[in-house]
Amino acid sequence: QVQLVESGGGLVQTGGSLRLSCAASGRTFSDYAMGWLRQAPGKEREFVAGISRSGEMTNYADSVKGRFTIARDNAKNTVDLQMNSLKPEDTAVYYCAARRTYYNRAYYTDRNDYTYWGQGTQVTVSS
């Protein structure tokens, strides 16, 4: 299995930026499609962004397209989420997730698609 640890959350004003990072250990990182999902209080955990095993393909929720960028470094076993133009509705706990897959695709958008999870990092955007 793989262990995931997120970092980089915090408090930021509307329009600001944050960069989340997820460090993976335990297995061959490039065997896993990776994703970032978030959960706001009282809401379901929702997909934010996904990236294929190689990093060539990415996928974003409509609500973050053009503002967030997911990227991975298979040599460093990390996956990052750069978040720009943050809005109060982006406030949530953000989770890094992994799914071992044969396919080099980024189409895993459901929380049930992912097997391994980090502990989450809080992002709060003030208005």
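Scroll up for the structure.
Residues numbered from 1 in each chain as written. Predicted model: local features only at pLDDT ≥ 70, side-chain atom pairs only at ≥ 80, totals over all residues. Heavy atoms only, no water.

Undergrad: Explain the packing of aromatic side chains to me, using residue names and the numbers behind them.
TA: A full pass over the atoms with the stated rule returns five aromatic pairs. Residues Tyr32 and Tyr116 carry aromatic rings whose centres are separated by 6.1 Å and whose planes lie at 70 degrees to one another, so their mutual orientation is edge-to-face. In this pair, Tyr32 sits in strand E4 (residues 32-39) while Tyr116 sits in strand E10 (residues 116-117), placing the two residues 84 residues apart along the sequence. The exposure class of Tyr32 is buried, given its relative accessible area of 2%. Using a relative accessible area of 22% as the deciding quantity, one classes Tyr116 as partly exposed. Centre to centre, the rings of Tyr102 and Tyr103 are 5.5 Å apart; their planes meet at 85 degrees, and the pair counts as edge-to-face. Judged by its relative accessible area of 71%, Tyr102 falls in the exposed class. Taken together through their ring pairs, the aromatic side chains of Tyr95, Tyr114 and Trp117 make up a single cluster. We note Arg45 situated over the ring of Tyr95; from NZ or CZ to the ring centre the distance is 3.7 Å. Note that Arg45 overlies the ring of Trp117, its terminal NZ or CZ placed 4.8 Å from the centroid. (Phe/Tyr/Trp six-rings, centres within 6.5 Å; stacked < 30°, edge-to-face > 60°. Helix = DSSP H or I, 4+ residues; strand = E, 2+ residues; numbered from the N terminus. Buried < 20%, exposed > 50% of the residue type's maximum accessible area, 1.4 Å probe, protein only. Lys NZ or Arg CZ within 6 Å of the ring centre and 35° of its normal.)

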